[in-house]
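Okay, here's what each chain looks like letter by letter:
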Amino acid sequence: MAAVDAAVVLFATALLTAVVGSVVAVTAYRGYRRNDSEPMLYLAVGIACITVGPFLVTYGVAPVAALSDAAALLGVLFATIAGLLAILYSLEGT
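Calculation rules
Residues numbered from 1 in each chain as written. Predicted model: local features only at pLDDT ≥ 70, side-chain atom pairs only at ≥ 80, totals over all residues. Heavy atoms only, no water. Axes fitted to C-alpha atoms, helices over the stretch in contact; angles between N-to-C directions. Helix = DSSP H or I, 4+ residues; strand = E, 2+ residues; numbered from the N terminus. Parallel < 35°, antiparallel > 145°, perpendicular 65-115°, else oblique. Contact = heavy atoms within 4.5 Å. Nonpolar A, V, L, I, M, F, W, Y, C, P; charged D, E, K, R; others polar. Expected span 1.5 Å × (residues − 1). Buried < 20%, exposed > 50% of the residue type's maximum accessible area, 1.4 Å probe, protein only. Patch = residues over 30% accessible without salt bridge, like charges linked within 9 Å, V, L, I, M, F, W, Y side chains within 5 Å. Areas by Shrake-Rupley, 256 points an atom, 1.4 Å probe, with all protein chains shown as cover. Salt bridge = Lys/Arg side-chain N within 4 Å of Asp/Glu carboxyl O. Phe/Tyr/Trp six-rings, centres within 6.5 Å; stacked < 30°, edge-to-face > 60°.

Caption draft 1: View of the packing of helix α1 (residues 6-35) against helix α2 (residues 38-51). At their nearest, the axes of α1 and α2 sit 8 Å apart, and the two run at 170° to each other. As summarised for this structure, α1 and α2 are arranged roughly antiparallel, according to the angle between their axes. Along the contact surface, α1 presents T17, A18, G21, S22, V24, A25, A28, Y29, G31 and Y32, while α2 presents E38, M40, L41, L43, A44, I47, A48 and T51. Partitioned by chemical class, the residues of the contact of α1 with α2 number 12 nonpolar, 5 polar and 1 charged.

Caption draft 2: Focus on α2. Spanning 14 residues, α2 covers 20 Å between terminal C-alpha atoms, matching the ideal 20 Å at 1.5 Å per step. Elements that come into contact with the buried residues of α2 comprise α1, α3 (53-65) and α4 (69-92).

Caption draft 3: Quick peek at the environment of V23. Mapped onto the elements, V23 comes out in helix α1. Sequence spacing of V23 and G53 is 30 residues, and the spatial spacing of their C-alpha atoms is 14 Å.

Caption draft 4: Up close: the packing of α2 against α3. Close contact between α2 and α3 brings their axes to 3 Å; oriented N to C, the two are set at 35°. For the pair α2 and α3, the contacting residues are A48, C49, I50 and T51 in the first and G53, P54 and F55 in the second. The residue inventory of the contact of α2 with α3, partitioned by class, reads 5 nonpolar, 2 polar and no charged.

Caption draft 5: Just α1, in detail. Look at α1: 43 Å from first C-alpha to last across 30 residues, which is about the 44 Å you get at 1.5 Å a residue. Looking at α1, one finds that the buried residues are A18, G21, A25, A28 and G31. For α1, the secondary structure elements touched by its buried residues are α2 and α3. Following α1 by one or two positions, D36 has its phi on the positive side, about 50°.

Caption draft 6: Representation of a nonpolar patch on the surface. Taken together, L73, L74, L77, F78, I81, L85 and L88 make up a surface patch of nonpolar side chains, about 690 Å² in accessible area. Here L77 lies in helix α4.

Caption draft 7: Structural detail: the environment of V19. Residue position: V19 is located in helix α1. Judged by its relative accessible area of 45%, V19 falls in the partly exposed class. For the pair V19 and A48, spaced 29 residues apart in sequence, the C-alpha separation works out to 9.9 Å.

Caption draft 8: Region of interest: the packing of aromatic side chains. This model, assessed by the stated rule, comprises 5 aromatic pairs. Taking the centre distance of 5.0 Å and the plane angle of 85° together, the rings of F11 and Y59 count as edge-to-face. Residue F11 is located in helix α1, and its partner Y59 is located in helix α3; the two are separated by 48 residues in the primary sequence. Exposure remark for Y59: the relative accessible area of 31% places this residue in the partly exposed category. Among the aromatic residues, those joined into a ring-pair cluster are F11, F55 and Y59.

Structure, rendered in structure tokens:
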């Protein structure tokens, strides 16, 4: 039985999360465009920040900018917090 590298599994699950999150965010954005509903726009932004943001920080920005692990984690946390705040704002605006 072949051993699977943990880094490959981690990348695959992060990529899958980003792809599915993108689909959900695009669907919410289409809802915003169709109904002219501002809360749907904030929901789309929040979902994108939570699902795509950490992937971009971890596998895009961190290697290019040579960020330390702590700085990359801080970037992931900022993306998550921004997403949660956008979702909270979308729910409060209804």
